[in-house]
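As a plain string of letters, each chain reads:
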Amino acid sequence: MGRKVTLATCSLNQWALDFDGNLERILKSIEIAKAHGAKYRLGPELEICGYGCADHFYESDTLLHSFQVLRKLVESPITQDIICDVGMPIMHHNVTPILLIRPKMLMANSGVYREMRWFSPWKQSRQVEEYFLPRIIQEVTGQDTVPFGDCVLSTKDTCIGTEMCAELWNPNSPHIQMGLDGVEIFTNSSASHHELRKADQRVNLVKSATIKSGGIYLYANLRGCDGDRVYYDGCAMVAINGDIVAQGAQFSLNDVEVITATLDLEDVRSYRGELCQPNMVRQVKVDFSLSSGDDIHLPTHQPITWHFNSPEEEISLGPACWLWDYLRRSEQAGFLLPLSGGVDSSSTACIVHSMCVLLCQAVEGGNSQVLEDVRRVVGDDSYRPEHPRELCGHIFTTCYMASENSSEDTCSRAKGLANQIGSTHMNINIDMAVKGILGIFSVVTGRWPQFRVNGGSHRENLALQNVQARVRMVLAYLFAQLGLWARGKPGGLLVLGSANVDESLTGYFTKYDCSSADINPIGGISKTDLKSFLLYCVEQFQLTALTGILSAPPTAELEPLTDGQVSQTDEADMGLTYSELSVIGRLRKISKCGPFSMFCKLIHTWKDALSPAEVAQKVKHFFRMYSVNRHKMTTVTPSYHAESYSPDDNRFDLRPFLYNTRWTWQFRCIDNQVALRQEDDG
């Protein structure tokens, strides 16, 4: 009697509402699974329609087209002689759960997830109903109904149970009781997004699912940008009895990745011993065997050590893959970046360079899909990239937008980095445009505003800075639309932004300046992590120009120079260091602190460096800045979601944008605590 089973799981780069492409990738994954001898294939969550359909889930078209794709799958000879686990939305009792053998029972409804907006969980534990199939499926299968509910598959040789995505993260995960009931193979179809330093949590959860009571665990996930701010980061895996035996890539340009493992069911049974109870769970019997009769000589997969990417590697790879998906799917001809010579814009430039490195590696490795996409973006059917720097010159334009307040240092730093990565670089002087706009204002009002150093007021000083910043945005879009036209090439460019998560948190940017772009790969990454990333790029890509950029103080260069040197720095302007902002940002979002509770925590965290009165001043200053500038987040450029304290106003961090910026009650509570501490110290 055969005991060994070959199982397949996968990571697919699906795209919301791309039914043709999604079907093609599903079929390809099944074909690969069968070629490796697998009898069971697991796919990611909502792989038929794509996870990111959002309010399109309300539309009957989405349901109809999903069933049409399902029919194509059932009709295809590729799906014969293998159990295929696929995911799509369905309508049952006039609500919309998710079906993948059984409906989802626990919804992801926090952070970037809003599943309860479109779906309802199945709440009837161990209950099964009959679901009437639509006619287009009945015509193919000959079935009128199919079991629907909390049940498992029972084949001739084993028992397979399913949990989906967030159910693994729940304290009462379905696999716990299923394992005790004798289920031997657990599957998880997921749509789990990338965040820095998150991958180990996912791996540990999969390992822990089988370490207590044994079993085989298959994890499938989406990969890539399916039309939103998040990047799904793969990591398909197979585990047995608490050990990982097969691992997929976290970041990759491959649209289809299939992971297979051959495992012995007897290893599960001997590991469990007497732990499991008699089967209590409802079963759907399947006249099918996952094992074969003659498998004694078939080798099984052995435990492996998971390689985790460092945060610097994650920044280099995740946003780069996200940018490539966005570029090829938007059918544009490349990117344009205003490159200031500072850490933020240089980080964006390095991510594009990393993207070009990945593309060249994929082409060299024989990835025909990547080569086809590169040729389409470049507009040359015979083009083949030979080097990342050369490819960068085709698809990446950088421009330094100088004003009378710009220094030679930042100009040379921007030019040096552009030369090393190979971008098409331009120097643009914006003074003429700035003077033209101020001239219009002067004609209308009869007044000419002055910088503070020249005797102007705070209002004049701020307005003059903002005019420069907004002119840069207008020129960036002009060159993005017509830059290739001027060079006799087809297509347009996507404008890249480069505001980091800490600047978004405080609003330390001009509304509708160069932070206003098409997409921003670093908008969810802290300044501290970006600096570490640039140090990594110095070593990894030999970009020595970054050394000078890292040693220079961050500055917007919007105020007049002093003796040709920068007089304005970001941290002085903000009144907080970037490291302090990272701590404050995590307390505000992750620890859910308001002004008073944040102060109460920080007087202990910062007790060696700051007095309670100084901590109070910093907390109050932050919340004033945050609340005054929160309106900017309603128009912020869509950013790669990488950080759990991101202030992105779209779904993730829902807050008002009109505050009472005096925070009178909250700040009074802080002042009372400071006074009490001073009395105690006295």
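The following refers to the structure shown.

What counts as what
Here the residue numbers are simple positions, counted from 1 along each chain's written sequence. Local features in this predicted model are restricted to residues of pLDDT 70 or higher, and side-chain atom pairs are both shown and tallied only at a pLDDT of 80 or more, whereas totals for entire chains, interfaces and linings draw on every residue. Side-chain metrics rest on all non-hydrogen atoms present in the structure, leaving aside hydrogens and water. By the criteria applied, helices consist of DSSP H or I runs no shorter than four residues and strands consist of E runs no shorter than two, each listed in order from the N terminus. Type-normalised accessible area, obtained with a 1.4 Å probe on protein chains alone, sets the label of each residue: buried when under 20%, exposed when over 50%, and partly exposed for intermediate values. The contact criterion used is simple: two residues touch if any of their non-hydrogen atoms lie within 4.5 Å. To estimate the expected span of a helix, count its residues, drop one, and scale the result by 1.5 Å. The directions from the helix axis to the C-beta atoms are what the arc is built from. In this scheme Phe, Tyr and Trp rings, the latter by its six-membered ring, pair at centre separations within 6.5 Å, and the angle between planes marks the pair as stacked below 30 degrees, edge-to-face above 60, and tilted otherwise. Salt-bridge detection follows one rule: a side-chain nitrogen of Lys or Arg within 4 Å of a carboxyl oxygen of Asp or Glu. By this definition, two strands are paired if DSSP reports at least two bridges between them. Residues adjacent in sequence count toward polar contacts only when both atoms are side-chain atoms; beyond that, a polar contact is any pair of N or O atoms within 3.5 Å, and within protein one must be able to donate a hydrogen and the other to accept it.

### A closer look at the environment of R624
One can find R624 in helix α22 (residues 612-629). Its relative accessible area of 40% is what places R624 among the partly exposed residues. In sequence terms R624 and Y477 are 147 residues apart; their C-alpha atoms lie 32 Å from each other. Once you skip the residues sitting within four places of it in the chain, R624 turns out to touch T661, W663 and F667.

### Things to note about helix α7 (residues 199-211)
In a regular helix each residue adds 1.5 Å, so 13 residues correspond to 18 Å; α7 covers 19 Å between its end C-alpha atoms and thus fits that length. All of the buried residues in α7 are A199, R202, V203, V206, A209 and T210. Across the axial projection of α7, the buried residues extend over an arc of 120°, all falling on one side.

### Brief notes about the packing of aromatic side chains
Going through the model one piece at a time under the given rule, you end up with 20 aromatic pairs. Between the aromatic rings of F186 and Y217, the centroid separation amounts to 6.3 Å while the plane-to-plane angle is 35°, which identifies the pairing as tilted. Pair noted here: F186 is in strand β11 (residues 185-190) and Y217 is in strand β12 (residues 216-224), with a separation of 31 residues, a long-range link. Note on accessibility: F186 and Y217 belong to one class, buried. Centroid distance W322 to Y640: 5.5 Å. Interplanar angle 80°. Geometry classified as edge-to-face. Here the residue W322 occupies a position in helix α9 (residues 311-330), and Y640 occupies one in the loop between α22 and α23 (664-681), the gap between them amounting to 318 residues. Judged by its relative accessible area of 0%, Y640 is buried. An aromatic cluster of three or more residues is present, and its members are F622, F623, Y626, Y659, W663 and F667.

### As for the pattern of salt bridges
Oppositely charged side chains can form a pair if their charged atoms are brought close together. Under the criterion given, the structure shown has 29 salt bridges. With a closest N to O distance of 2.9 Å, E139 and R71 form a salt bridge. Residue E139 is located in helix α4 (residues 135-141), and its partner R71 is located in helix α2 (residues 60-75); the two are separated by 68 residues in the primary sequence. On the basis of relative accessibility, which here comes to 52%, the residue E139 falls in the exposed class.

### What about the sheet that holds strand β20 (residues 424-429)?
Strands in a sheet are paired, the pairing made by backbone hydrogen bonds, and the direction either parallel or antiparallel. Sheet architecture is open: four strands sit in the order β20-β19-β18-β21, paired in parallel fashion. Since the sheet does not close on itself, it has two edges, and those belong to β20 and β21 (494-495), each with one partner.

### Notes on the side chain of D255
Inspection of the secondary structure puts D255 in the loop between β15 (243-247) and β16 (256-264). The exposure class assigned to D255 is buried, which follows from its relative accessible area of 13%. A distance of 2.9 Å separates polar atoms of two side chains, one belonging to D255 and the other to R328. Among residues more than four places away in sequence, those in contact with D255 are S11, L12, N13, R25, R328 and Q369.

### Overview of helix α20 (residues 578-589)
Over its twelve residues, α20 extends 16 Å from the first C-alpha to the last, a length consistent with the 16 Å expected when each residue adds 1.5 Å. Here α20 lies mainly inside the structure; nine of its twelve residues are buried. Three or more residues of α20 are buried, namely Y578, E580, L581, S582, I584, G585, L587, R588 and K589. Of the surrounding elements, those touching the buried residues of α20 are α16 (501-506), α17 (527-540), α19 (570-574), α21 (595-605) and α22.

### Section: unusual backbone geometry
A negative phi holds for most residues other than glycine; trans holds for most peptide bonds. For R126, which is not glycine, the phi dihedral falls at a positive 60°. Looking at the secondary structure, you find R126 in the loop between α3 (115-118) and β7 (128-132). Residues other than glycine seldom take positive phi values, yet R197 does so here, at roughly 65°. Within the secondary structure, R197 sits in the loop between β11 and α7.

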